[in-house]
Amino acid sequence: MAPWKALPEHLDPQAGRLVDRLRRLKDATGLSFTALATRTSYSRSSWERYLNGRKLPPADAVTELAVLAGADPDRMLALHTLAAQTWTGPQPKDVATPGTSGAGPEPTEPEPAPDFGAAPEAAAAAPAPAPAEPDTPAAVPPALIGEPDAPAEPVQARPARRTLLAAGGALVVVAAVLAVVVTLVLPGRGSAGAGEEEHRRTATEEFAFKPDRTYDCDIHRFEGRLYAGHSDTQDALLQQISTTWEVVEAQCLLEHRGYRIGGIDGAYGPATERAVKRLQDKEGLVVDGIMGPHTWEALRR
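Residues numbered from 1 in each chain as written. Predicted model: local features only at pLDDT ≥ 70, side-chain atom pairs only at ≥ 80, totals over all residues. Heavy atoms only, no water.

**Quick word on the packing of helix α4 (residues 59-69) against helix α5 (residues 73-86)**
Packed helices, taken two at a time, are described by the angle between their axes plus the distance between the axes.
Here is step 1 of the chain: At a closest axis distance of 9 Å, the pairing of α4 and α5 adopts a crossing angle of 145°. Once α4 is placed against α5, the crossing between them reads as right-handed. Contact residues: Ala59, Val62, Thr63, Ala66 and Val67 in α4; Pro73, Met76, Leu77 and His80 in α5.
Here is step 2 of the chain: Each residue belonging to the contact of α4 with α5 can be placed in one class, and the counts come to 7 nonpolar, 2 polar and no charged. (Axes fitted to C-alpha atoms, helices over the stretch in contact; angles between N-to-C directions. Helix = DSSP H or I, 4+ residues; strand = E, 2+ residues; numbered from the N terminus. Left-handed = near helix turned anticlockwise from the far one by under 90°. Contact = heavy atoms within 4.5 Å. Nonpolar A, V, L, I, M, F, W, Y, C, P; charged D, E, K, R; others polar.)

Okay, structure coming up:
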């Protein structure tokens, strides 16, 4: 296999890292540019531009090549997102390139537009509410209509009935007072249980990185520790370029503590690493930019 050409000088390290990783994936497939074009949605000339650093490849092209090479598409998309933020230099238009069969120029295949965002997920259709049943008049007790043969209530039974009604009313009052006391004395038990259920539930969800998607943070404290509703890890190792729910959790807590990273996207990029280093420096930890048990402990205080 012929050696690769040197990358253009205008590419910054993030862009160069993406192109270098794409070249390794192509080498791993063992496919030529022509064979690569037949196995993907992009032409031979397009792949030459992408892998020689002359044009930023679309996200779909990165995904297709990763799948062909058996690599992790999410990891490659994270690299693509970082490269897209700093990509500089000319972006040539796709033009026809001479074919190899001698039959004329090879038409350029249409390329999908770069997709740096993810379409919102379709909301699940809620079942239509059942039609309300028409109101029906309540049955009128016979006592109100009057039964001709109903015997008159004995006079001596009336005091006993009043006593039973009074006792029932007293029980209702006592129950209401007990409910108020429980609410006042134990105000935090319900919220603590909800917090426990929330951060344990989200920790089991599967993470899929999507470029330009951001996540909300549900900052709450449970058993003296801070959580953001995405993971309850205490020791996950994170570094460039991790893409997990643990990264989202760390980014939320960093932002909450004032270490700005610019966006909660789940990709452990340079901005996240710088924020971690600032936290480590302030807490007297080893400043290596890697999230580990000691950094998690300082972050969740």
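**Regarding helix α3 (residues 44-51)**
Here is step 1 of the chain: Among the 8 residues that make up α3, 6 are buried, leaving the element largely enclosed by the rest of the structure.
Here is step 2 of the chain: Among all positions in α3, only Ser45, Ser46, Trp47, Arg49, Tyr50 and Leu51 are buried.
Here is step 3 of the chain: Two residues or fewer past α3, glycine 53 is found with a positive phi of approximately 75°. (Buried < 20%, exposed > 50% of the residue type's maximum accessible area, 1.4 Å probe, protein only.)

**Looking at helix α1 (residues 13-29)**
For the α-helix, the turn length of 3.6 residues means that residues three or four positions removed from each other point alike.
Here is step 1 of the chain: The terminal C-alpha atoms of α1, which comprises 17 residues, lie 25 Å apart, in line with the 24 Å expected from a rise of 1.5 Å per residue.
Here is step 2 of the chain: Where α1 is concerned, the buried positions are Gln14, Ala15, Gly16, Leu18, Val19, Leu22, Arg23, Leu25 and Lys26.
Here is step 3 of the chain: On its buried side, α1 packs onto α2 (33-39), α3, α4, α5 and α10 (270-282).
Here is step 4 of the chain: Where α1 ends, the next residue or the one after it, glycine 30, has phi of about 75°, a positive value. (Expected span 1.5 Å × (residues − 1).)

**A closer look at the packing of aromatic side chains**
For any two aromatic rings, the description comes down to two numbers: the centre-to-centre distance and the angle of the planes.
Here is step 1 of the chain: Under the definition given, this model contains 8 aromatic pairs.
Here is step 2 of the chain: Ring centres 6.1 Å apart and planes at 90° place the aromatic pair tryptophan 4 and phenylalanine 33 in the edge-to-face group. Residue tryptophan 4 is found in the segment before α1, and its partner phenylalanine 33 is found in helix α2; the two are separated by 29 residues along the sequence.
Here is step 3 of the chain: Under the relative-accessibility criterion, phenylalanine 33 is labelled buried at 16%.
Here is step 4 of the chain: Ring centres of phenylalanine 207 and tyrosine 215 lie 6.0 Å apart, and the angle between their planes is 45°; on these two criteria the pair is classed as tilted. Like phenylalanine 207, the residue tyrosine 215 is buried in the burial classification.
Here is step 5 of the chain: The rings of Tyr42, Trp47 and Tyr50 are connected pair by pair, giving a single aromatic cluster.
Here is step 6 of the chain: The aromatic ring of phenylalanine 33 is capped on one face by lysine 26, whose charged end is 4.7 Å from the ring centroid. (Phe/Tyr/Trp six-rings, centres within 6.5 Å; stacked < 30°, edge-to-face > 60°. Lys NZ or Arg CZ within 6 Å of the ring centre and 35° of its normal.)

**Topic: the layout of surface pockets**
Here is step 1 of the chain: The volume enclosed by the largest pocket comes to roughly 280 Å³.
Here is step 2 of the chain: Elements with a contribution of two residues or more to the lining of the largest pocket: α5 and α10.
Here is step 3 of the chain: Here the residues of the lining of the largest pocket are counted per class, giving 6 nonpolar, 10 polar and 3 charged.
Here is step 4 of the chain: If you add up the space inside the second largest pocket, you get close to 170 Å³.
Here is step 5 of the chain: If you go around the second largest pocket, you meet 11 residues; those closest to its centre are Ala2, Pro3, Trp4, Phe33 and Asn52. (1 Å grid on protein atoms, 1.4 Å probe; cavity = no way out; pocket = protein on both sides within 12 Å on 5 of 7 lines; lining within 4 Å. Points joined across faces, edges and corners; volume = space filled by probe spheres on them.)

**With respect to the pattern of salt bridges**
Here is step 1 of the chain: Throughout the structure, instances matching the rule amount to 5 salt bridges.
Here is step 2 of the chain: The shortest N-O distance in the salt bridge between arginine 300 and glutamate 249 comes to 2.9 Å. With arginine 300 in the segment after α11 (293-299) and glutamate 249 in helix α9 (residues 245-256), this residue pair connects regions lying 51 residues apart in the sequence.
Here is step 3 of the chain: Across the pair glutamate 255 and arginine 260 runs a salt bridge whose closest N-O atoms are separated by 2.8 Å. (Salt bridge = Lys/Arg side-chain N within 4 Å of Asp/Glu carboxyl O.)

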